[in-house]
Amino acid sequence: MRAPFRLMGGVLVATLLTQVTACGSIFYPDRRGQIDGKIDPAIAVLDAVGLLFYVIPGLIAFAVDFTTGAIYFEPGKTAQVAPEKLQQAIGADGQVDNHKLQAILESELGRDFPLDDPRLIQHKGSAQQLALLGLQPTI
């Protein structure tokens, strides 16, 4: 009779220990130490999964992520480039040079964007967007 209780107790302890170490702290240890910011929805959903299985460990996961700050996005990380810098990639005819655009994005954001990927979906800008950049739409 004693062995099944020990086995169940061991499984319960292992489950609780895995839930106590919250998802944000596991996946993004470099985010620890933040006080506030924009909440990362992926981490919040993963912590909420803990609530579905076990309420107390799920609450502990949220508490750990909030107190360590691992649930927040990193401050200063944006994916925005000033339109003035992007103008360099637009030719006189209003067409975008993908190689220049890729070089600008890599230098500004520090990431590689494969603009020659066949899965890439390109949308045409509106006349208002072109006017904001000081361009005339070609028809």
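Just above, that's the structure.
So, how was this worked out
- Residues numbered from 1 in each chain as written.
- Predicted model: local features only at pLDDT ≥ 70, side-chain atom pairs only at ≥ 80, totals over all residues.
- Heavy atoms only, no water.
- Helix = DSSP H or I, 4+ residues; strand = E, 2+ residues; numbered from the N terminus.
- Buried < 20%, exposed > 50% of the residue type's maximum accessible area, 1.4 Å probe, protein only.
- Contact = heavy atoms within 4.5 Å.
- Areas by Shrake-Rupley, 256 points an atom, 1.4 Å probe, with all protein chains shown as cover.
- Expected span 1.5 Å × (residues − 1).
- Phe/Tyr/Trp six-rings, centres within 6.5 Å; stacked < 30°, edge-to-face > 60°.
- Axes fitted to C-alpha atoms, helices over the stretch in contact; angles between N-to-C directions.
- Parallel < 35°, antiparallel > 145°, perpendicular 65-115°, else oblique.
- Left-handed = near helix turned anticlockwise from the far one by under 90°.
- Nonpolar A, V, L, I, M, F, W, Y, C, P; charged D, E, K, R; others polar.

## Concerning the overall build of the protein
- Scanning the protein for helices and strands turns up 7 helices and 0 strands.
- Burial analysis of the protein (139 residues in total) assigns 21% to the buried set.
- Relative to all contacts within the protein whose residues are 6 or more apart in sequence, the contacts with residues 24 or more apart total 55%.
- Total accessible area on the protein stands at roughly 10500 Å², and carbon and sulfur atoms take up 64% of it.

## Side note on helix α4 (residues 55-68)
- Taking 1.5 Å of rise per residue, 14 residues should cover 20 Å, and α4 covers 20 Å from first to last C-alpha, within 8% of that figure.
- With its phi angle positive at about 85°, Gly69 sits one or two positions after the end of α4.

## Observations regarding the packing of aromatic side chains
- Counted according to the given criterion, the structure contains 2 aromatic pairs.
- An angle of 20° between the planes, with centres 6.3 Å apart, marks the rings of Phe62 and Phe66 as stacked. Here Phe66 and Phe62 lie together in helix α4, a separation of 4 residues that amounts to about one turn.
- Through a chain of ring-to-ring contacts, three or more aromatic side chains come together here, namely Phe62, Phe66 and Tyr72.

## Here we look at helix α6 (residues 98-109)
- Over its 12 residues, α6 extends 16 Å from the first C-alpha to the last, a length consistent with the 16 Å expected when each residue adds 1.5 Å.
- Looking at the packing, one finds that the buried side of α6 touches α5 (83-86).

## Here we look at the packing of helix α3 (residues 41-53) against α4
- Put simply, α3 and α4 touch, their axes get as near as 5 Å, and they point 155° apart. The orientation of α3 with respect to α4, classified from their angle, is roughly antiparallel. The chirality of how α3 crosses α4 is left-handed. Contacts between α3 and α4 involve Ile43, Ala44, Asp47, Ala48, Gly50, Leu51 and Phe53 on the former and, on the latter, Val55, Gly58, Leu59, Ala61, Phe62 and Asp65.
- Residues that form the contact of α3 with α4 fall into these classes: 9 nonpolar, 2 polar and 2 charged.

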